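# Fold and contact review
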Amino acid sequence: QVQLVESGGGLVQAGGSLRLSCARSGIIFSMNYMGWYRQVPGKQRELVARITSGGNTNFADSVKGRFTISRDNAKNTVYLQMNSLKPEDTGVYYCHADLVVGSGRHDYWGQGTQVTVSS
């Protein structure tokens, strides 16, 4: 059974940095992409960044130039490096994976990790 476990959230002052990690466990056939979404109260979950199996990356306009996404295939882990953090980056960050497993293609979500940026 596939699981995504996030870590690295916390409280940081504006201008600071955090690195989120998402470790994937379980047997898969292939990964289409993995990424991070952010949710704040009263709003829909929004894509922050994602990386494809080929290494292509996408970022929300609001984080371009400040966030980077990378992966360590040996550790089945995806990282989100967040620099120059702003109060508006505050939210619960969810790891997401689009994977192909024995039963077909599925979406998987982590439990979420809170990021709070103080002004």
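Now for a look at the structure at hand. Because the structure is a prediction, the values reported are computed rather than measured. Just so you know, the residues in each chain are numbered from 1, in the order the chain's sequence is written. Selection of residues for local features in this predicted model requires a pLDDT of at least 70, selection of side-chain atom pairs for listing and counting requires 80 or more, and totals for whole chains, interfaces and linings are taken over all residues. Excluding hydrogens and water, the side-chain values take into account all heavy atoms of the structure.

The buried fraction of strand 8 (residues 77-82) is high, at five of six residues. Note that strand 3 (residues 18-25) and strand 8 share six bridges and pair antiparallel. Bridge pairing in strand 8 places Ser21 opposite Tyr79. The pairing criterion is simple: DSSP has to find at least two bridges between the two strands. Numbering of helices and strands runs from the N terminus, with a helix taken as a DSSP run of H or I at least four residues long and a strand as a DSSP run of E at least two residues long. Taken together, the six bridges between strand 7 (residues 67-72) and strand 8 define a ladder with antiparallel strand orientation. Residue pairing in the sheet places Arg71 in a bridge with Val78 of strand 8. Remark: exposure states derive from per-residue accessible area (1.4 Å probe, protein chains only) relative to the maximum for the residue type, with buried under 20%, exposed over 50%, and partly exposed in between.

Our focus in this paragraph is the nonpolar core. Here, nonpolar core refers to any group of buried Ala, Val, Leu, Ile, Met, Phe, Trp, Tyr and Cys residues whose side-chain atoms link them within 4.5 Å. The biggest cluster of nonpolar side chains holds 29 residues, and the ones touching the most others in it are Trp36, Leu80, Met82 and Tyr93. Taken together, the elements giving at least two residues each to this core come down to strand 3, strand 4 (30-39), strand 5 (46-52), strand 7, strand 8, strand 9 (91-101) and strand 11 (113-118). A total of five residues in this core trace back to one element, the largest contributor, which is strand 9. Two residues qualify as a contact provided that any one of their heavy atoms is within 4.5 Å of a heavy atom in the partner residue. If near-sequence neighbours (up to four positions away) are discounted, Leu80 is found in contact with Leu18, Arg19, Leu20, Trp36, Val48, Ala49, Phe67, Thr68, Ile69 and Tyr93.

Interpretation in functional terms is not warranted from these geometric data alone.
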